[in-house]
Structures are given as C-alpha cells and as structure tokens.
Amino acid sequence: MSLTVRPVEYADQPDYTRLGGEAFGAPATGNPVPTREEWAAAGFREWGAFDDEGLAARLRVYGFTSWFHGAQVQTAGIAGVAVEPERRGSGHLARLFAAALDEARERGDTISTLYPTAPGIYRRLGYEVVGSFDDVDVPLQNLNRVAAPAGVVTRRATVADFAAVVAVHRTWAAAQNGPVSRAEKPFWTPPEKFFADYTGVTLAIDGSGDVVGFASWIRGEGYTPATALMEVDDLIALTPDAARALWRTLGSFSTVVGTARVSTSGLDPAWLVLPDLTTTVHSAHPYMLRILDVAGALTGLGSPLEGVRVPFAVRGTQDLAGAWTLTVSDGVTHLERDAVALEDAHHERPVLSPNGLALLYAGVQSAANLRIAGHLTGPSGHDPILTALFAGRQLHVRDYF
Ligand SMILES: CC(C)(COP(=O)(O)OP(=O)(O)OC[C@H]1O[C@@H](n2cnc3c(N)ncnc32)[C@H](O)[C@@H]1OP(=O)(O)O)[C@@H](O)C(=O)NCCC(=O)NCCS
C-alpha cells in the first residue's frame, strides 16, 4: 500500500478532525470542523500520512520559541499525534515525524518538544523526558503558616499592568531551561483576553513600587472548604517575599476554599518559602525534547568555560549522527564537524545516543547519569566538562499544548 506524507489541506479537515476526535475524545456528534477562515487564521502546520484509504495518521506542529541556556530557541512543538486505529503499528508515525521535522529544520527550528501520552512512543524517534508540567493541590489552610513578607504588598492587576506581568514572566523564564516564551501564538495572548481568562491576577509589589511577582487565579464555585477548589495558572515570584505575599493572599481564602490547584514544574523556587508541603500531585504531564540540528542547538551558548575543547559523537542512524568538536571562546560555544567514522568514534571520544544528547542539552542529567542510563559511552575523561557545559539551569515548563 503506498503512503504519501504531506501538509494537511483545508479539504482534509473533516478527516483530520474526525481522527483527532477518535484519539482524544469528542462529543457523540464529533468535534466541529473549523471554517476555512478559522483554519487559515490559526496558521497551524498540520501533517498527514495518506494511504489508499485516505488519512491514516496526523499531527500538528506549533512553531514557538522557548528559553534554553539564556536564549529564546526556535522550537517545533508537536501535538495531536494520532494514527487510525486499524493502521496502528504500520510505521506511519516515523514517516510522519520525518516529514514534519524536516520542514521544522528548514524553518530554522533547532529543537522539538512534545507532551507524550506515553514516552515509549517517541523514544526511538530521538525524544527523551526532560521534565514535567504538573498540577499540584495545595491545602490553603497550610498557607496561613507562611511567614509574613517583609516590604512586599499585593494588589489586583488591571489591563494596564500587562507589560509588568509579561516582564516578570520573562525574567523568570530566561533564568530556566524549558519555558515557552509566550511571545508567539498560541501562547501569546492579547492583554484583554489574558485578564478575561481569570477571576483575578494578583501582583506582588516591593518597597520601590516594582512588580516582583504575580499569581493568576480562577476562583471556582462554592464556599465549602472541603469541596471548593481554586485554580492557579501562574505563581511566579522574583523574590522570596514576593512568593510569601502571593501564597498568603491565596491562603486568605482558606475559610471558603480548601484547595488551590497550582500549575508548577520541577523544584519550583516559589515553593521554597512554604513551611508545609502536604501537597498532592493532581496530574503530571511529562515533557520530551529532541534535538533537530546539532550544530544549530549547541552553537552560541553562553559559557564561562573559556578555552575548553570537547570532541563528541552522536550515534544512531538518524539525522543527528555525526562527530563534532565543541570549543568555548569569547564566552560562547562553537562547533566544528569532524571526519571520524562513527564505528571508530567510541574508541577516542564520548558517544551520545540521540536521547542522551537531548538530556544533556536540557541540562537535566549529568554525564555520569547518562552513562548509568546507557546514553553515553566511550572515554570518560571529558565527562566533568560535558556536565558543566550544560548543567546549572533547572528545567521548568508551564504551557501545555
Ligand atoms: C500512539 C500512536 C500514535 C502510535 O501509533 P502506532 O502506529 O501504534 O506507532 P508505532 O507502531 O509506529 O509505534 C511507535 C513506537 O511507540 C510505541 N508505542 C505504541 N503505543 C505505545 C503505548 N501505548 N505505550 C508505550 N509505547 C507505545 C511502540 O512500541 C513503538 O516503539 P518502538 O519504536 O520503540 O518499537 C497510536 O497508537 C495512537 O493514535 N494512539 C491514540 C492517541 C495517542 O495516544 N496519541 C499520542 C499523543 S501524544
């Protein structure tokens, strides 16, 4: 049976929508097919694999930037992956990804990320789990024990404060690996819409009048603490007193709301001021990353390791296979391709799997742990430098797609 992989056109939308609804659930009447205008305005990059019977597999690519190593990195975010139930296990997925990732690379995307329903689906394609976006239930009663903030007060934000909210998010995001920058659609929201989505956005203001944190929250229904629940999408604080002020403002609801369901990730610095961590993870969304372009992703990263020189190779049969030497000069990394046969590389240089490269780049596993997991082989003399080059920024991600 022949298979054609190509961008999805408007005429494919009924099939594309039906297959998505079958995979991810839809009302009995099915999900509505977008109008031509809605579809064109959204500007999605959608891909389909078509066999003799029609659409057999589909996915969508979001083009956005995310923060890694202090820079906004062009990212291809993959979502809505589905294969027709009767055609699963036919290898359509790999063909679909190859086409979508080729296009992403041509557009200049250097990494790709996704939220998997199961990590095993994407491992052989070079993706690995680098973090998790979680909704965590925090009993509001406990927040009454948070120490009083010194010199920070809270007030309700208005649309006029949008730029200050964006600036707090940006300052926080730029210091992490992983956060979606929220500078592009669908993560960029017009100010009026951003505020319309919440009951309130609370600002933390320091003694100089500067906005040093914010929390965006939806109050929810009811006033019986045992059942009432409020949702907190962002609680971002740039100082410990900002964190205390925001947590205490949420805690002031404890007579009428029992639980705050707070979106978070990793070891969240805003949580380090909490004296009590009797919290429950309500839902966890693992996040996977793949490198699309080794030289593009690893060149130009700021590094204090002036003068280091590390040869390495990436094994496998994918686009990522090859050998390079990484150097640091003028405060940034440089990459040079080496003419080394891959079968000989493991005798003379560290060799990463594609998944190991993803883990190393994201800064979430040391070289020692990559060896334990089987993602790094070959001589270990460069391990401390490999670890130091990429580690140091924690992985956080707060936007689902
Ligand atoms: C997930 C899905 C897209 C996979 O399609 P498929 O045609 O079965 O994929 P393949 O047979 O090519 O398998 C690809 C890999 O995924 C693995 N895999 C498939 N289903 C899996 C599962 N439920 N759990 C773990 N791994 C799984 C396969 O073992 C294979 O791994 P390998 O390459 O190491 O052998 C398809 O089953 C589907 O549409 N499921 C429902 C929707 C869904 O979960 N989509 C993913 C959203 S992130």
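Residues numbered from 1 in each chain as written. Predicted model: local features only at pLDDT ≥ 70, side-chain atom pairs only at ≥ 80, totals over all residues. Heavy atoms only, no water.

**Quick notes on the pattern of salt bridges**
Right, so step 1: Applying the stated criterion to the full structure yields 24 salt bridges.
Right, so step 2: Residue Arg349 pairs with Glu348 through a salt bridge whose shortest N-O separation is 2.9 Å.
Right, so step 3: By relative accessible area, Glu348 is classed as partly exposed at 40%.
Right, so step 4: Salt bridges sharing partners connect three or more residues here, namely Arg45, Glu103, Arg107 and Asp109. (Salt bridge = Lys/Arg side-chain N within 4 Å of Asp/Glu carboxyl O. Buried < 20%, exposed > 50% of the residue type's maximum accessible area, 1.4 Å probe, protein only.)

**Re the pairing of strand β2 (residues 45–51)**
Right, so step 1: β2 sits mainly inside the fold: seven of its seven residues count as buried.
Right, so step 2: Here β2 shows no split at all, with Arg45, Trp47, Ala49 and Asp51 on one side and Glu46, Gly48 and Phe50 on the other all buried.
Right, so step 3: Inspection of the sheet shows strand β1 (residues 4–7) paired to β2 by four bridges, in the antiparallel sense. For Thr4, the partnering residue across the bridge sits in β2 and is Phe50.
Right, so step 4: Linking two consecutive strands that pair antiparallel, namely β2 and strand β3 (residues 54–68), is a turn of two residues. (Helix = DSSP H or I, 4+ residues; strand = E, 2+ residues; numbered from the N terminus. Pairing = 2+ DSSP bridges.)

**Here we look at unusual backbone geometry**
Right, so step 1: Of note, the bond from Lys185 into Pro186 is cis; its omega dihedral lies within 30 degrees of zero at 0 degrees.
Right, so step 2: The topology assignment puts Pro186 in the loop between α5 (162–174) and α6 (191–196).
Right, so step 3: Positive phi, close to 55 degrees, is recorded for His69, a residue that is not glycine.
Right, so step 4: Among the secondary structure elements, His69 is positioned in the loop between β3 and β4 (71–83).

**Regarding the nonpolar core**
Right, so step 1: Core analysis: the largest hydrophobic core is formed by 43 residues, its most contacted members being Leu298, Phe312 and Tyr361.
Right, so step 2: Here this core takes six residues from helix α10 (residues 354–362), the largest share from any one element.
Right, so step 3: Built from parts of two domains, this core gets at least three residues from each of domain 1 (3–114) and domain 3 (293–390).
Right, so step 4: Core analysis: the second largest hydrophobic core is formed by 29 residues, Leu140, Val152, Met230 and Val257 among them. (Core = buried A, V, L, I, M, F, W, Y, C linked by side-chain atoms within 4.5 Å. Domains from an automatic or database assignment.)

**What about α5?**
Right, so step 1: Look at α5: 18 Å from first C-alpha to last across 13 residues, which is about the 18 Å you get at 1.5 Å a residue.
Right, so step 2: Buried within α5 we find Phe162, Val165, Val168, His169, Trp172 and Ala173. Along the long axis of α5, the arc covered by the buried residues comes to 130 degrees, so they all point the same way.
Right, so step 3: Residues of α5 that are buried in the fold lie against β3, α6, β8 (200–205), β9 (211–218) and β10 (229–237). (Expected span 1.5 Å × (residues − 1). Arc of directions from axis to C-beta. Contact = heavy atoms within 4.5 Å.)

**Examining the site of the ligand**
Right, so step 1: Contacts to the ligand come from 16 residues, most closely from Val81, Val83, Gly89, Thr117 and Arg124.
Right, so step 2: Val83 is positioned such that a nitrogen or oxygen atom in its backbone is 2.9 Å from an oxygen atom of the ligand.
Right, so step 3: In this structure, Arg124 approaches the ligand through a side-chain N or O atom, which is 2.7 Å from an oxygen atom.
Right, so step 4: Here the ligand, which alone exposes 910 Å², has 64% of that area covered by the protein.
Right, so step 5: At the level of elements, α1 (13–24), β4 and α4 (120–123) are the ones that each hand at least two residues to the shell around the ligand.
Right, so step 6: Residues that form the shell around the ligand fall into these classes: 11 nonpolar, three polar and two charged. (Near = heavy atom within 4 Å. Polar contact = N/O pair within 3.5 Å; in protein donor to acceptor, adjacent residues only side chain to side chain. Areas by Shrake-Rupley, 256 points an atom, 1.4 Å probe, with all protein chains shown as cover. Nonpolar A, V, L, I, M, F, W, Y, C, P; charged D, E, K, R; others polar.)

**Quick look at the domain arrangement of the chain**
Right, so step 1: Domain boundaries in the chain define domain 1 (3–114), domain 2 (134–286) and domain 3 (293–390).
Right, so step 2: For domain 1 and domain 3, the distance between their C-alpha centroids amounts to 31 Å.
Right, so step 3: Approximately 670 Å² of surface area, both sides summed, lies buried where domain 1 meets domain 3, with 60% of it carried by carbon and sulfur atoms.
Right, so step 4: The largest share of the area that domain 1 buries against domain 3 comes from His69, Arg105 and Thr110, three residues that together contribute 75% of it.
Right, so step 5: At the junction of domain 1 with domain 3, the criterion picks out one salt bridge.
Right, so step 6: In this structure, the salt-bridge partner of Arg105 is Asp319, at a minimum N-O distance of 2.9 Å. (Buried area = accessible area lost by both parts, 1.4 Å probe.)

**Topic: the sheet that holds strand β16 (residues 351–352)**
Right, so step 1: If you walk across this open sheet you meet the five strands as β15-β14-β13-β16-β17, and the pairing is mixed. Looking at which strands have only one partner, the edges of the open sheet turn out to be β15 (332–337) and β17 (376–377).
Right, so step 2: Alignment of strand β14 (residues 322–329) against β15, held across six bridges, turns out to be antiparallel. If you follow Thr327 over to β15, its bridge partner there is His334.

**Examining the pairing of strand β6 (residues 128–139)**
Right, so step 1: In terms of residue burial, β6 counts as a mostly covered element, since nine of its 12 residues are buried.
Right, so step 2: Examined bridge by bridge, β6 and strand β12 (residues 280–291) share nine bridges and lie antiparallel to one another. From the neighbouring strand, Glu128 faces β12, where its bridge partner is Leu289.
Right, so step 3: Pairing between β6 and strand β11 (residues 259–265): seven bridges, direction antiparallel. Pairing of Pro139 across the sheet is with Thr259, part of β11.

**Structural notes on the sheet that holds strand β5 (residues 111–114)**
What links the strands of a sheet is backbone hydrogen bonding, and the strands pair in either a parallel or an antiparallel sense.
Right, so step 1: Reading across the sheet, the 12 strands line up as β1-β2-β3-β4-β5-β12-β6-β11-β10-β9-β8-β7 and stay open at both edges, with mixed pairing between neighbours. The open sheet is flanked by β1 and β7 (153–156), the only strands paired with a single partner. Averaged over neighbouring strand pairs, the angle between their axes works out to 25 degrees when direction is ignored.
Right, so step 2: Where β2 lies against β3, seven bridges are found, and the strand directions are antiparallel. What sits directly across from Ala49, in β3, is Ala57.
Right, so step 3: In the packing of α5 onto the sheet, contacts are made with β3, β4, β8, β9 and β10, and the angle to β9 comes to roughly 105 degrees. (Axes fitted to C-alpha atoms, helices over the stretch in contact; angles between N-to-C directions.)

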